Amino acid sequence: MPVKHFRIPAAAVALCAPILFAPFLFAADKKAAPPEPAATDPYAEVQPAAEKIDLDMYQRIREEGLNHSHVMEFGTALMDGIGPRLTGSPNAKKANEWTRDTLTKIGLENAHLEDWGEFGLGWQQLNTWARMTVPDTAVLIVQATPWSPSTPGPVTGDVVYVSIQTEADFDKYKGKLTGKVVLFGEMRPVPPVDKALFERYTDQELEELASLPVSDGGGSVPPAMQARLRTYMERARLIDKIAQFFADEKAAAVIEPSRDGKNGGGSGGTIFDDNGATIGRTPYIAGKDVKVPVVVAAIESYGRLYRLTEAHAPVSVEINVETKFTGEHEHGFDTVAEIPGTDPKLKEQVVMVGGHLDSWIAGTGATDNGAGTIVAMEAVRILKTLGVKPRRTIRIALWTGEEQGIFGSRGYCRDHFGSAKLSDAPDQKALPEYMRRASGPLELKPEQKLISGYFNVDNGSGKIRGIYTQGNAAIAPIFAQWMAPLKDLGVTTITNRNTGGTDHLSFDAVGIPGFQFIQDDLDYESRTHHSNEDTYERLQPADLKQIATVEAIFLYNAAQRDQMLPRKPLPNPAAEQKAREPLGVFPGAEK
C-alpha cells in the first residue's frame, strides 16, 4: 500500500486482446457469428430481494481452499524466490513474468502483461552497511532508501546533526557539511513495548466498525486527514530543496531515523523504509533524483549517534551504499489473466479480483502486498481446480506502482473504463497525482458498463472479518446473504464506511463497485508495513487459506448471479465541490 498516512485516491497502451472476441470462436466452422448482446445498463437493473446461494459450491470451495491449499507455495516462490519488488526494478519485472506464467500453468487464459506507462528510474539495492568508528566501534542497522545513489565505496566521515525546518535554517549549515555524515531527523521517543504488537479484532471493535461515523469537519475529508495533508504539504515544500542542499554542500551521506509503528512496534531493530524515508517527493523521476546517498537507520542505531552529537562528543561513521540504476524511463506493468465466462448473455461481463504486486525494499514484501497477490492467485486456482464454468468472465489483475500512487490500477482503469481531468488549482498541482482532486466530468469507455465489481486484499495477512461497502448501501443486503454461511469462518461484519489507500479506489473513482475486505490487523501496522520485518515468516498460513476461500466464494457469487452488482451514482467531482461551498446565509453578510 502507499504510505498509509495518506492512502487516498496515473499511463499507456493496453496490450490485452479485446474482451469481445466471441466472433472468432466460430471462424473454424465458417458459421456466421451471432450478434453480440447489448451491454446491460448496470444502473438500471432491479436487484432481487433474495440471493441464489449455492451451498454445495460453498462446500466444494471450502474443501479445496482450506484442505488443499497452495497459497504458501505461491508465497515462498514470490517472497523467497524473487524478493522485494520495487516498481521499475528488475525484481518487479521478474514478478510480472512469474505471475503471468504461473497463472497460465494453473489453467487461466489470456495471461499477459499490460503496460500502464512510464514510471521512471529502475533501481535496486545491492549492499548497504554502516558502522561507528569513533568513539567506539559498533555495527549500525541501516538500509538504503529507495532510489538512493551509491557511495564511492566505503566512506568515513564525522557525524553532524542537521535540523532544517524553515528556509532560514539553510544558512546555519552552509560550508559546514563537506565530507560529513549528516543525521537528518529528530530523535523520537522509544517507549517500552507494553501492548501486543499482534492483534485481532474483538467483537466490540467489529460492532463499532459496522457503525457509520459522522465527520465533525466540513466536506468529506475528516479533520485528522486534513491535518496530515497540511503536514505533508509543509514537508514537501522543503524536502526537494533539502536534498539538493546536501548534494551541493558535498555531504558524504545522510542517515535518517526510522519512524515508529503502532503500539511502539518501530523498535528492536525494525526499519520502515518507504516514501517517508526518502529525501525527495518523487526520487524515481530522472531530474528529480536524489544526488546524495541516504540510508534509514533503526531507531536504536540512530539514537546512539544522535546523543553523541548532542553531547558534542566526536563521532565518526564508515558507511557503504551500493545500489544500481537500471534505466531512467522504465515502464510499469500489470499482470492480467482470466477464467472465461460461458453464459451467452453474460460472458462479456467481468468480475475482477486483485492486489498489488509491487513492494518496498527492506523486506520481501510479504504482507504488503505479497499476501494480496497470492490469495488472489489461490482464489482463481481454487475455482479452476474445481472446474467452475462461470457465467461471467473472472479476471485477476496484479498491479504495480501502487506504492507510489496506485499507478497500475489507475492506468488500467483509465485505459479500459475512463477517467476525469485533474484539478489545475495551485494547491492541487502541488500534490502527487494520486492525491489531486478531479475537476472535470468522467469520460467513460464502453467497457465501464461491463465490469460488475472488483475485490481487493491489501491489509496484510490477517483473515477476512467482513467487507467495506465503500458507501454502496445497496450492496449491503447482498453481501449479508453471501456471508451468512461464512459466519463460522469469522466473516460477520459489513460497514458502509469508506476505506482508502489501495487499488479499489481506482475502480470506485470511475463508478465501478470496488471493495476492500476487513482484515485482522495482526502485526501489520505495528511491525511489518514497509519494514525489514515484512518477510515470509510474517505470513499466517491459516489466515491466508481463509482469505483465499472467502475471496473465491465472493468471485463465484458475483460471476453467477443474474444481475450485475448494484452501483452508486456516478462520481460528479464538480457537483461534489459545489455542494461543499457555503450557502451564504449569514444575516447582513456581503457576497
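Scroll up for the structure.
A few points on the structure. No experiment lies behind these values; they were computed from the predicted model shown.

1. Let's talk about unusual backbone geometry
With the exception of glycine, most residues fall at negative phi, and the peptide bonds are largely trans. Put simply, Val134 and Pro135 share a cis peptide bond, and its omega is 10°. With respect to the helices and strands, the residue Pro135 is situated in the loop between strand 1 (109-134) and strand 2 (138-140). Residue Asp368 is joined to Asn369 through a cis peptide bond whose omega torsion reads -5°. Secondary-structure assignment places Asn369 in helix 7 (residues 366-385). Positive phi values are uncommon outside glycine, yet His312 reaches one of about 60°. With respect to the helices and strands, the residue His312 is situated in the loop between helix 6 (299-310) and strand 8 (316-339). Among the residues examined, His312 registers a relative accessible area of 74% and is labelled exposed. Phi is positive for Gln470, which is not a glycine, with a value near 60°.

2. What to know about the packing of helix 7 against helix 14 (residues 541-560)
Packing of helix 7 against helix 14 brings their axes to within 8 Å, and their N-to-C directions diverge by 55°. In terms of their interaxial angle, helix 7 and helix 14 are classed as oblique. The two elements helix 7 and helix 14 cross, and the hand of that crossing is right-handed. Together, Ala371, Ile374, Val375, Ala376, Glu378, Ala379, Val380, Ile382 and Leu383 of helix 7 and Leu544, Ile547, Ala548, Thr549, Glu551, Ala552, Leu555 and Tyr556 of helix 14 make up the contact between the two elements.

3. A word on a negative patch on the surface
A surface patch of like charges, here negative, comprises Asp203, Glu205, Glu207 and Glu208. Note that Glu208 resides in helix 4 (residues 203-210). The class for Glu208 is partly exposed, based on a relative accessible area of 43%.

4. A few points about the nonpolar core
Residues Ile396, Phe455, Phe479 and Phe554 are the most contacted members of the largest nonpolar core, which totals 61 residues. Of the residues forming this core, the biggest block, eleven residues, is contributed by helix 14. Core analysis: the second largest hydrophobic core is formed by 33 residues, Leu86, Leu121, Ala138 and Ala144 among them.

5. Considering the side chain of Thr87
Summarising the element assignment, Thr87 is placed in the loop between helix 2 (71-79) and helix 3 (90-105). For Thr87, the side chain forms a polar contact with the side chain of Asp358, separated by 3.3 Å.

6. Quick notes on the packing of aromatic side chains
Under the defined criterion, the tally for this structure stands at 27 aromatic pairs. With 6.0 Å between their ring centres and 50° between their planes, Phe417 and Phe507 make a pair best called tilted. With Phe417 in the loop between helix 9 (407-416) and strand 11 (418-419) and Phe507 in helix 12 (residues 504-508), the pair connects residues that are 90 residues apart, well separated along the chain. In this structure Phe507 comes out as buried when scored by relative accessible area, which is 0%. Ring pairs connect the aromatic residues Trp116, Phe119, Trp147, Tyr284, Trp360 and Phe407, which therefore count as one cluster. Note that Arg259 overlies the ring of Phe272, its terminal NZ or CZ placed 4.0 Å from the centroid.

7. Re the side chain of Ser526
You can see Ser526 is positioned in helix 13 (residues 524-528). Here Asp523 takes part through its backbone oxygen, which lies 3.3 Å from a polar atom of the side chain of Ser526. Beyond its immediate stretch of four places on either side in the chain, Ser526 contacts Leu197, Gly261, Lys262, Gly265, Gly266 and Phe272.

Reading the values: the criteria
Residue numbers restart at each chain and count upward from 1, following the sequence in its written direction. Local features in this predicted model are restricted to residues of pLDDT 70 or higher, and side-chain atom pairs are both shown and tallied only at a pLDDT of 80 or more, whereas totals for entire chains, interfaces and linings draw on every residue. The basis for the side-chain values is all heavy atoms of the structure; hydrogens and waters are excluded. Each helix is a run of DSSP H or I of at least 4 residues and each strand a run of E of at least 2, with the numbering of both proceeding from the N terminus. Throughout, exposure labels follow a simple rule: accessible area from a 1.4 Å probe, protein chains only, divided by the maximum for the residue type, with under 20% read as buried, over 50% as exposed, and the rest as partly exposed. As a rule, the C-alpha atoms of each element are fitted with a line to give its axis, helices using only the stretch in contact, and angles between N-to-C directions run from 0 to 180 degrees. Any angle between 65 and 115 degrees counts as roughly perpendicular, while under 35 counts as roughly parallel, over 145 as roughly antiparallel, and the rest as oblique. Should the near helix be turned counterclockwise from the far one by less than a right angle, the crossing is left-handed, whereas a clockwise turn marks it as right-handed. It only takes one pair of heavy atoms within 4.5 Å for two residues to be counted as in contact. A residue counts toward a patch only above 30% relative accessible area and without a salt bridge, and it is joined to like-charged neighbours within 9 Å or, for Val, Leu, Ile, Met, Phe, Trp and Tyr, to nonpolar neighbours within 5 Å. Surface accessibility in these figures is a Shrake-Rupley result with a 1.4 Å probe; residues are shielded only by whichever protein chains are displayed. The salt bridge definition used is simple: a Lys or Arg side-chain nitrogen within 4 Å of an Asp or Glu carboxyl oxygen. Charged-residue counts in this description rest on Lys and Arg as positive and Asp and Glu as negative, His and the chain ends being excluded. One atom stands in for each charge, and that atom is NZ of Lys, CZ of Arg, CG of Asp or CD of Glu. We define the nonpolar core as a collection of buried residues of types Ala, Val, Leu, Ile, Met, Phe, Trp, Tyr and Cys that are connected through side-chain atoms lying within 4.5 Å of one another. Under this definition, polar contacts are N or O atom pairs within 3.5 Å; protein pairs additionally need one hydrogen-donor-capable and one acceptor-capable atom, and for neighbouring residues in sequence, both atoms have to be side-chain atoms. Side-chain rings of Phe, Tyr and Trp, where Trp is taken by its six-membered ring, are said to pair if the distance between their centres is within 6.5 Å; with planes under 30 degrees apart they count as stacked, over 60 as edge-to-face, and otherwise as tilted. Any Lys NZ or Arg CZ found within 6 Å of a ring centre and within 35 degrees of that ring's normal is scored as a charge over the ring.

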